[in-house]
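Examining the three-dimensional arrangement
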Amino acid sequence: MIKLTINNKKYNIDVEPDMPLLWAIRDIIGLTGTKYGCGEGLCGSCKVLLDNSPVQSCVIPVSAAIGKEILTIEGNSKNLQLLQKSWMELNVPQCGFCQPGQLIAATALLDKNENPTDKDIEEEMIGNICRCGTYQRIKNAIHRTVELKNQQS
Ligand code: FES
């Protein structure tokens, strides 16, 4: 049995320790918001946070997540929720496929940098490919999230 903590909820799953974490999250646990993109850790669609650090869940084994906190797009972090609000306000998604990974990468960015510059955003988000080219709207939405946070405080 492998014990996982995802979005503050505990799961016991009967899988091989070398199963990719993405398979466990999507196919075994049923949290399908995290997407399978390239399967090689190159596109960012499968990103989740592992103890607040972004990882490509298609290329790491489920055993690497034991004893750690996993945050997926279905989770409840404050930054993630505010980002989702800005994403909707600015109509960021086009086809939408890459967006869960984009939002998770943006969450990791805002968790460590409260007011990122365009350059900070480009550097953090470089591993997240959007074939629809929503990069400028993503950048605008991250800046909008900072504004929303400042209005709340
Ligand atoms: Fe279509 Fe990014 S919105 S791939």
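In this text, all values refer to a predicted model and were calculated from it rather than measured experimentally.

Counting buried positions over the five residues of strand β1 (residues 2-6) gives four, a clear majority of the element. In this structure, β1 lies alongside strand β2 (residues 9-13), joined through five bridges in antiparallel fashion. Bridging across to β2, Thr-5 finds its partner in Lys-10. Connecting the antiparallel pair β1 and β2 is a turn made up of two residues, with Asn-7 showing a positive phi of about 50°. As judged from the two bridges shared by β1 and strand β5 (residues 69-71), these two strands associate in the parallel manner. By the bridge assignment for β5, Thr-5 is matched with Glu-69.

What follows concerns the packing of helix α2 (residues 78-89) against helix α3 (residues 99-112). In helix packing, the relevant descriptors are the interaxial angle and the interaxial distance, both defined with respect to the helix axes. At a minimum axis separation of 9 Å, α2 and α3 run at an interaxial angle of 125°. By the angle class used here, α2 and α3 are oblique. Here the hand of the crossing between α2 and α3 comes out right-handed. For the pair α2 and α3, the contacting residues are Asn-79, Leu-80, Leu-83, Gln-84 and Trp-87 in the first and Gln-99, Gln-102, Leu-103, Ile-104, Ala-106, Thr-107, Leu-110 and Asp-111 in the second.

This part is about the environment of Pro-20. In this structure, Pro-20 sits in the loop between β2 and α1 (21-28). Here Pro-20 falls in the partly exposed class, since its relative accessible area comes to 23%. Considering only alpha carbons, one finds Pro-20 and Ala-64, 44 residues apart in sequence, at a separation of 9.5 Å. Not counting residues up to four positions away in its chain, the partners in contact with Pro-20 are Ser-57, Cys-58, Ile-60, Pro-61 and Val-62.

Within the structure shown, the criterion is met by one aromatic pair. The interplanar angle of 80° and the centroid separation of 5.7 Å between the aromatic rings of Trp-23 and Tyr-36 together place this pair among those described as edge-to-face. Within this pair, whereas Trp-23 is found in helix α1, its partner Tyr-36 is found in the loop between α1 and β3 (47-50), the two being separated by 13 residues in sequence. When its relative accessible area of 33% is taken as the criterion, Trp-23 is described as partly exposed. For Tyr-36, a relative accessible area of 41% corresponds to the partly exposed category.

So, about unusual backbone geometry. Even without being glycine, Asn-8 reaches a positive phi, approximately 70°. As for its position among the elements, Asn-8 is in the loop between β1 and β2. The residue Asn-52 is not glycine, and still its phi comes out positive at about 70°. Looking at where Asn-52 falls in the secondary structure, it is placed in the loop between β3 and β4 (53-56).

Cut-offs used in this document
Residues numbered from 1 in each chain as written. Predicted model: local features only at pLDDT ≥ 70, side-chain atom pairs only at ≥ 80, totals over all residues. Heavy atoms only, no water. Buried < 20%, exposed > 50% of the residue type's maximum accessible area, 1.4 Å probe, protein only. Helix = DSSP H or I, 4+ residues; strand = E, 2+ residues; numbered from the N terminus. Pairing = 2+ DSSP bridges. Axes fitted to C-alpha atoms, helices over the stretch in contact; angles between N-to-C directions. Parallel < 35°, antiparallel > 145°, perpendicular 65-115°, else oblique. Left-handed = near helix turned anticlockwise from the far one by under 90°. Contact = heavy atoms within 4.5 Å. Phe/Tyr/Trp six-rings, centres within 6.5 Å; stacked < 30°, edge-to-face > 60°.

All quantities given are derived from atomic positions and should not be read as evidence of function.
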